[in-house]
Structures are given as C-alpha cells and as structure tokens.
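Each chain, written out:
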Amino acid sequence: MEEALKSQDHAHAPAEGFLRKYVFSLDHKVIGKQYYALALAAVFIGMVLSWLMRFHLVWPNAKIPGLELIAKTGAPGGIITPEYYLSLLTMHGTLMVFFVLTNAPFAGFGNYFLPIQIGAEDMAFPRFNMMSFWTTFVAFVVLVTAFFIPDGPPISGWTAYAPLSAIGKDAGPGLGWGQNLWVISIAIFCIGQLLGSLNFIATTLDLRAKGMTLMRMPISTWAWFITSSIGLLAFAVLLPACLLLLLDRMAGTSFFIPSGLVVSDRLQNHAGGSPLLWQHLFWFFGHPEVYIAILPAVGIVSHVLTNSLRKPLLSAKVIIYSMMSIGFLSWMVWGHHMFVSGMNPFSSLLFSFPTLTITIPATIITLIWLGSLYGANIQITTASFFALGFISMFVSGGVSGFFLAQPSIDIYLHATYFVVGHFHMVMGVAAIFAIFSGTYFWFPKMTGRMMNETLGMLHFWITFVGTYCIFMPFHYLGLVGNVRRYASFVDDFMPALMPVHKFITIAALTTGAAQFIFFFNLIHSRFRGKQATANPWRGTSLEWSIPSPPPWNNFGGDHPVVYHDAHQYGVKGSTGDFVMQTSPEQILNE
Amino acid sequence: MGKLFGVILAIIALASAYPIVTHMYVQPVDISTHGHAIDEQLADTMAEAGLSFVLAQLLLAFCVWKFSNRKEGAKVYHLRGGARLMVAAAFILVGTEVLALGVLGQKAWAEVYFTAPKPDALQVQAQAGQFAFYFRYPGQDGKFGPLHPDKIDEGNQNYFGLDPANDLESRDDIVTAEMAIPVNREIHLLMHAKDVGHSFYVRELRIQQDFVPGLDLSLHFTATQTGHFEILCTQLCGLGHYNMKAYLNVLSQEDFDKWLKQKASEQ
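Residues numbered from 1 in each chain as written. Chains lettered and ligands numbered in written order. Predicted model: local features only at pLDDT ≥ 70, side-chain atom pairs only at ≥ 80, totals over all residues.

Draft legend 1. How the structure looks around the overall build of chain B. Within chain B, the secondary structure is distributed over four helices and 10 strands. Each helix and strand of chain B, placed in order from N terminus to C terminus, yields the pattern α-α-α-β-β-β-β-β-β-β-β-β-β-α. The C-alpha atoms of chain B give a radius of gyration of 26 Å, which is well past the 18 Å a tight globule of 267 residues would have. For chain B, with 267 residues in total, the buried portion stands at 43%. Partitioning the contacts of chain B with sequence separation of at least 6, the portion at a separation of at least 24 is 72%. (Helix = DSSP H or I, 4+ residues; strand = E, 2+ residues; numbered from the N terminus. Rg over C-alpha atoms; globule rule 2.2 N^0.38 Å. Buried ≥ 20, exposed ≤ 12 C-beta atoms within 10 Å, placed from the backbone. Contact = placed C-beta atoms within 7 Å.)

Draft legend 2. Geometry of the interface of chain B and chain A. Opposite the 88 residues of chain B that make contact, chain A presents 87 residues. Every element with two or more residues in the side of chain B that touches chain A is listed here: α1 (2-21), α2 (35-67), α3 (82-113), β6 (198-202), β7 (207-211) and β9 (227-232) of chain B. Among the elements that make up the side of chain B that touches chain A, the one with the highest residue count is α3 of chain B (18 residues). Here the residues of the side of chain B that touches chain A are counted per class, giving 52 nonpolar, 26 polar and 10 charged. (Nonpolar A, V, L, I, M, F, W, Y, C, P; charged D, E, K, R; others polar.)

Draft legend 3. Just the nonpolar core, in detail. Residues and elements named next belong to chain A. Judged by nonpolar contacts, the single largest core of 267 residues is most densely connected at Leu 295, Ala 297, Ile 368, Phe 390, Ala 430 and Ala 431. The element contributing the most residues to this core is helix α5 (residues 82-117), with 21 residues. Among all residues touching Ala 297, those that are not within four sequence positions of it are Pro 105, Phe 390, Ala 430, Ala 431 and Ala 434. In terms of nonpolar packing, the next biggest core, distinct from the first, is built from six residues, Tyr 569, Val 571, Phe 578 and Met 580 among them. (Core = buried A, V, L, I, M, F, W, Y, C linked by C-beta atoms within 7 Å.)

Draft legend 4. View of helix α8 (residues 219-250) of chain A. Given a rise of 1.5 Å per residue, 32 residues ought to cover 46 Å, and the 45 Å separating the end C-alpha atoms of α8 of chain A matches this to within 8%. At the exit of α8 of chain A stands Gly 252 of chain A, carrying a positive phi of roughly 75°. (Expected span 1.5 Å × (residues − 1).)

Draft legend 5. Inspection of the domain arrangement of chain B at higher detail. All names here are of chain B. Parsing chain B into structural domains produces domain 1 (2-68 + 81-113) and domain 2 (122-266). For domain 1 versus domain 2, the distance between C-alpha centres works out to 38 Å. Each side of the interface is counted separately: domain 1 has 10 residues, and domain 2 has 11 residues. Each residue belonging to the side of domain 1 that touches domain 2 can be placed in one class, and the counts come to four nonpolar, five polar and one charged. (Domains from an automatic or database assignment.)

Draft legend 6. Focus on the sheet that holds strand β2 (residues 132-137) of chain B. All names here are of chain B. Taken together, five strands build an open sheet; the order of strands is β3-β2-β1-β5-β8 and the sheet is mixed. A single partner strand is all that each edge strand has here, and the edge strands are β3 (174-176) and β8 (217-222). Within the sheet, the average angular offset between the axes of one strand and its neighbour, ignoring direction, is 25°. Pairing between β2 and β3: three bridges, direction antiparallel. Bridging from a neighbouring strand, Phe 135 pairs with Thr 176 of β3. (Pairing = 2+ DSSP bridges. Axes fitted to C-alpha atoms, helices over the stretch in contact; angles between N-to-C directions.)

Draft legend 7. Representation of unusual backbone geometry. Residue Ala 162 of chain A is joined to Pro 163 of chain A through a cis peptide bond whose omega torsion reads 5°. With a phi angle near 65°, Ala 415 of chain A is a residue other than glycine that sits in the positive phi range. Take Ala 415 of chain A: it is sitting in the loop between α13 (407-413) and α14 (417-447). Exposure remark for Ala 415 of chain A: the 24 C-beta atoms within 10 Å place this residue in the buried category. Of note in this structure, Gln 157 of chain B is not a glycine but carries a positive phi near 60°. Within the secondary structure layout, Gln 157 of chain B lies in the loop between β2 and β3. For Gln 157 of chain B, a count of 11 C-beta atoms within 10 Å puts it in the exposed group.

In structure tokens:
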C-alpha cells in the first residue's frame with residue numbers, strides 16, 4: 001500500500017497552453033469528455049442515417065433535399081438507391097456499435113470517473129490514454145471519409161461478412177475503397193480500445209486510494225473494470241481478423257475466400273479460404289461486444305439508482321458477481337449468431353445452452369433492481385427516470401432474446417425485423433438510456449453546472465414513449481417474417497405491412513427530433529446552467545467529495561482515505577441520510 | 001411524476017402485449033411436416049417470455065408509482081428475503097424456463113437437422129448468385145453432372161457452369177429459374193453459392209438456411225400443401241439483395257411430372 005501511495009504522485013504537471021489542455025491532453029477528464037464528444041458526433045450522424053433509411057423505406061420515391069450534394073451517385077436527384085440504402089445501413093451500424101455504444105458508456109464516462117471513483121489522480125498510463133483517444137479519433141475520420149470517396153461507403157453491413165467484404169469492387173459498389181476504409185478504420189479502432197482497456201485494468205488494480213478495497217468500489221467502477229477485461233480479449237481477436245481481411249483484399253491472400261467463385265462474370269483468383277472463419281472470428285468479438293456496451297450501462301444505472309433510491313441495492317455484491325458471470329459466459333455464446341450459417345448443427349445446441357443460461361445472471365440483476373425499489377424513496381430526476389427507463393428496456397430487449405437463443409425458433413426469425421427489434425432494445429436503446437442517465441447525473445460534476453430538469457423531463461418522456469413506438473413493432477414485423485436489410489419491400493406479403501413501417505418511421509422522426517432538446521440542454525446548461533455544488537445529489541462516492549468541476553489533479557494533491565463502501569444510503573449520518581466514503585464516522589447499522 | 005411513470009409504463013406494457021394476445025401479427029400457415037414443432041416452440045416461448053415481460057414491467061410500474069418522492073426523511077425499508085430471495089427466484093423461475101426451452105427446443109431442431117433424408121427423397125439443387133436463384137433437377141439418369149465454375153456464362157444461360165459436351169450426366173439436367181416440387185414428397189435440397197453468401201428462406205416451410213461459398217450444404221423437407229410461395233434471400237449479398245427472390249410451386253405429383261417434362265423440353 002505504501003508503494004501504491006507513492007506511485008500516486010501525479011504522473012504529469014498541470015497542462016499549459018491550449019493544445020496541451022484541450023487537444024492533446026493527458027488529463028483523463030479531458031480525454032473522457034473527448035470520447036463523449038466523439039460519441040455525440042457519431043450518434044448524431046448515425047441517427048441521421050437511420051432517418052434516411054426509415055424515410056426511404058416508406059416513401060421510396062420522395063426526394064430528400066440536399067442529399068444529392070453529399071451522395072451524388074448514392075442519391076441522384078435526392079432519391080436513395082438500393083445500394084446507398086445498404087451504405088447507410090452499414091455506416092449506421094458501425095458508427096453506433098463502435099463509436100457510440102463502446103465510446104460513451106465505457107471509454108467516455110469510464111475515463112472521466114473511474115480514476116476519481118477509486119481516488120486516483122489520473123490513469124495509470126496517461127500517455128497511452130491520450131493515444132487511445134486519438135487513435136479512436138483517427139479511426140472515426142477514416143470511417144467517415146468513406147462517405148466522400150467516389151466508391152461510396154461499403155454495403156456489406158456492420159458485420160462485413162466474407163466473401164462479400166473480401167472480394168473487392170467486383171462484388172458491388174462501395175466494396176472497393178469504401179470497404180478498405182471500413183476495415184482499416186475498425187483495425188485502428190481495435191488498437192485504441194486495447195490501449196484503453198489495458199489502462200483501465202492497470203488503474204483499477206494499482207491506483208486505488210487507501211482503504212479502497214475492491215469490494216468498496218462503486219458498481220460503476222466494477223462494471224468498467226470487468227468491461228475492460230472483456231475488451232482486452234475481444235478487440236485482440238477482431239484486430240487480427242481485420243488484418244486478415246485486409247490481406248485478402250489487398251495482398252491476394254485467401255483467408256476467407258474459397259475457390260471457384262464467379263463474381264460479376266469473373267472467376268476469382270482465390271482458393272482455400274473459409275467464409276465461416278470470418279463469421280467465427282467476428283462473432284467471437286461481436287457477442288462480447290454486446291456486453292462491452294451493456295455492462296457499463298448496468299454499472300452506471302446501478303450507481304445512479306443507488307443514489308436515487310436513497311438506500312443501498314439489495315446486494316451490490318450479487319450484481320458484481322452477476323456481471324462477472326455475464327462476462328465469463330459471453331465467451332461461449334458467439335455461435336448463436338450463426339445457427340443458420342451452415343456450421344455443424346450439433347454446435348448450435350452447444351451455443352444455445354450458455355445463451356439461455358446468460359438469462360440467469362441478467363434476471364438476477366433485474367430482480368435486484370426491482371426488489372431494491374421496494375421500500376425506497378425514489379428521487380424523481382431526469383437521471384433516475386432514464387435509469388428506470390433503462391430497466392424497462394433491458395427487460396423488453398432481454399425477453400426477446402429467449403426466442404433467438406433457440407436454434408429451432410431462429411430458423412424462422414433469423415434475419416427478420418424481430419432480431420432488429422431485439423438488439424436495438426437490449427443493446428442500443430438500453431445503453432443509450434444509461435448514457436442519458438449518466439449525463440444528467442454527472443453533468444454537474446463534469447461542468448460545474450446543473451442541467452435543466454424541465455427540458456430533461458420533456459426529453460425523457462418523448463424518448464421513452466417514442467422508443468417503444470419504434471422498436472416494439474419491429475418484433476411484430478419479424479413474427480410475420482419481414483426480412484431485414486431490404487432496401488425496398490417488393491415481396492408479395494410485405495406491402496400489407498407498410499402501415500406498420502409508416503408508424504415506425506413517424507415515431508423515429510419524432511423521437512429523433514426530441515434529441516435536439518437534449519443537445520440544446522447540453523449546450524445551454526454548459527454555459528447558462530445553474531451553478532452546481534460539489535455534491536448536488538447527496539452522493540457517497542468519491543467524485544462527490546471534490547469540487548465541481550474537479551481540479552486538474554482531482555483531489556487537489558491530497559490522498560483520499562476511504563472508510564466505507566459506496567452504498568451507505570438510508571443511514572443516520574452527520575450529513576443526512578448518507579455517509580460519504582471518505583467520512584471516518586462510524587455507521588451504526590454497518 | 002412517479003405515478004405518471006407507473007401509469008404510462010403499464011399502458012405501454014399492455015399495449016405492447018395486445019397485438020400478440022390477439023394474434024394480429026403471426027407467421028403464415030405452415031406447409032411443412034416439421035414446422036409444427038417450431039410453431040409450438042415459438043408459442044410456448046411467447047407465453048413464457050410474454051408473461052415475464054408483462055409481469056416485470058407491471059412490477060416496475062407499481063414500485064415507481066408507490067415509492068416515488070415520499071416525504072422528506074421518509075424511512076426506507078428493505079424487501080424481506082433480500083438478495084437471496086431474488087437469486088433463488090431467478091434460478092428457479094428462469095432456470096426452469098431455460099432448461100425447459102433448451103430441452104424442448106432440441107427436439108424441434110433435431111427434427112430438421114439431425115435426421116437424414118430418405119433414400120427416395122427428390123434431389124433438387126439450388127444455386128444462389130447475385131441476385132437470382134437457379135434450380136437444377138437431375139433428369140432421367142437421376143444424376144447431376146459436375147460443375148465447372150469457369151464455364152459459367154449467364155449470357156448463354158449456362159448458370160451452373162455445366163459442360164454437356166464432355167459430361168454425360170449433364171446432358172439431361174434440367175435448369176430452371178423457379179422451383180417446383182411435388183406435394184407430400186420429401187425434397188433433398190442441395191445448396192451451393194456461386195459468388196457470395198446468400199440464404200434460402202421460405203416462411204411457409206419454416207426453413208431458413210444460408211448458402212456459404214465453398215460449402216456444400218443440404219436441407220430436407222416435405223411440403224404438405226400445394227400452392228405458390230416466395231423464396232427470399234435473407235443474407236446480405238449486395239445491391240440487389242432486396243430483390244433477390246424466386247417462386248416455389250408446390251404441385252400435385254401429376255402436375256409436377258408435367259411441369260418437369262415441359263421444362264426438359266425447353267432446355
């Protein structure tokens with residue numbers, strides 16, 4: 001412990017000059033905000049892409065003004081072509097999964113709050129940390145560049161299944177340089193995440209303040225810690241997979257391309273590769289990625305809820321162990337994305353069982369939340385509403401997983417809108433609700449100002465109801481067999497489903513428009529919001545023991561000492577119904 | 001505001017369940033011998049998952065209704081049984097559900113994938129390519145001629161890359177753009193992809209199977225009703241993916257024989 005304390009002596013001096021302070025900063029707080037800002041940019045683009053897709057699906061011949069300026073070949077005259085629809089779909093998925101769902105809840109909030117919550121002055125490796133953000137930023141720029149090249153963005157989906165993604169421009173528009181940029185971007189992204197994950201692990205294990213035992217860490221810190229362990233392994237598999245794909249595309253290798261393929265009337269000069277190998281590598285990363293998005297969300301929501309309920313959750317320990325079990329099981333389930341892929345049908349059963357089993361820890365977490373609400377004194381804030389909304393989404397998206405985990409049902413529902421409804425709810429929207437919850441909760445700490453609660457509530461209600469209006473009907477479409485990733489519904493049974501699609505599109509446009517309330521609130525409150533005190537939510541964890549916003553070295557050069565875990569609510573403390581982690585007072589019922 | 005949350009959430013939960021309970025959106029009629037097992041499994045899962053969904057949402061709605069913004073300083077209390085009760089409930093409720101579904105699901109899956117086609121099943125070959133399906137019947141000799149990818153020439157309608165000049169078995173092969181099968185006879189579908197990944201999805205047959213380049217996959221099924229059905233591609237295959245489809249005609253044996261004869265004469 002003595003050594004740990006010494007190593008806490010700050011790794012870098014206070015930043016001087018604009019570049020060092022705000023651009024190439026070593027400060028984990030600035031880096032956290034940079035990740036968050038990048039995620040905001042990505043979510044904005046991703047959202048606009050989804051509008052374009054929804055618009056095109058229900059009004060395929062309506063002109064979208066201005067679109068042809070960006071996409072001359074993709075949307076001539078402002079009308080989206082089928083291939084540009086697939087480009088939008090690919091870029092939407094890639095931006096949302098990598099640059100939003102990984103960046104905001106994990107890299108963004110994690111960077112900002114993990115060191116503070118364990119009482120450290122910065123991350124273990126500040127330079128790695130800066131590098132991880134700027135690597136991610138380069139990945140983002142490379143990806144978005146695909147919109148502006150003549151070839152256009154790739155059309156192979158965010159899963160980039162080979163050989164469609166591997167063959168090159170013969171396979172279709174966007175599959176030349178567009179796909180190259182995609183693969184390069186994702187490979188660079190992996191490097192950024194590996195650096196970040198390593199940093200999170202080292203920081204959590206080595207830089208905890210005196211008295212901060214592992215079990216005294218807040219659940220959010222635990223979630224980031226577990227997630228970084230998953231990220232370290234998952235991105236370490238995706239990176240080589242991307243390199244192999246790049247070699248297939250540029251160096252004439254055949255890792256993912258078998259012999260005898262005739263594409264665009266040309267016999268391809270490849271032999272010996274396996275398209276299933278890409279699927280295995282991709283999903284070996286891809287399924288744990290779902291938990292990279294959702295576990296930080298679980299952590300943030302648990303952290304916000306503990307504070308909002310004014311009493312500890314029934315058991316923080318059980319939630320932590322459940323998160324670990326989910327993390328562990330996440331490595332055994334990737335094949336459930338491949339039930340109809342042609343892999344050995346016996347392995348489908350092997351993958352199905354752990355997939356169903358993951359429901360148990362997920363249900364434990366949900367029941368702990370629900371059971372904890374009983375007897376609580378729930379403080380109504382936008383943050384707590386988004387946290388409660390998260391529980392609702394998590395349940396809705398979770399139960400549809402029951403269907404898809406069973407290979408026999410997946411035969412019918414695979415590749416339908418049922419799947420789209422499922423993953424948007426459980427992974428997409430749920431994680432985004434957690435991001436909102438975290439934003440409304442931590443904004444005062446990050447900026448020193450409060451967000452506007454009236455606007456916040458308006459934002460919550462439209463988003464909550466709107467989200468259900470968008471994603472619940474997706475399940476109904478799937479039950480009828482409406483296939484996903486279609487640019488247009490030309491099949492005989494699909495026109496009858498058009499009213500449902502129209503309803504979804506209108507809901508999506510409305511809910512999307514409501515996000516501008518959030519953007520406005522974010523910017524307005526940053527400059528005009530009410531001044532925040534150090535501890536506006538009467539919280540117990542270390543971030544509330546320092547000024548808002550925190551000084552450059554977090555604790556002003558002091559080494560905080562921790563006496564309790566972060567869950568001391570509903571007790572008789574000198575400060576009211578809670579006792580801070582740094583308060584040496586005895587807690588009677590501890 | 002907490003009460004409003006409770007009410008709205010309860011409305012959302014019940015409204016979401018309504019189209020399911022009233023069967024507004026359901027799968028089309030099943031025309032296969034194995035589909036009933038899948039449909040039953042789907043119905044069982046819907047009952048269990050649907051119940052879990054509604055109960056959990058209503059519980060959440062109730063708790064937020066009841067325990068929001070109580071008086072300043074109101075005493076908080078804990079659920080008796082605490083976390084242990086929750087863990088036990090999750091293991092018992094969900095564990096049983098998981099086991100039940102896992103075991104039952106195995107049966108439905110096994111019916112499709114763990115049985116071999118009967119020796120007298122009618123073999124039909126399906127080839128998927130950007131953005132069309134083609135089908136091949138073995139002709140009178142009952143044998144498919146070998147494929148030569150280098151001989152594929154769509155301009156001359158040699159979709160499969162056959163070489164009848166050199167391959168005896170290819171000469172009587174019948175290639176079609178639509179698929180016809182006799183009713184109540186087992187079909188052994190031999191699948192291969194020409195270029196990239198595709199999929200074979202017939203909703204009414206409760207069948208979905210990817211075409212994987214480089215892999216020869218097969219499926220077997222029996223259609224129990226005559227009719228005209230759509231075969232859709234469900235694996236993203238490029239710009240024309242949305243438009244990649246073919247028709248499946250399930251005919252009486254007599255009509256099928258006539259159809260095949262006619263197609264043979266058109267080759």
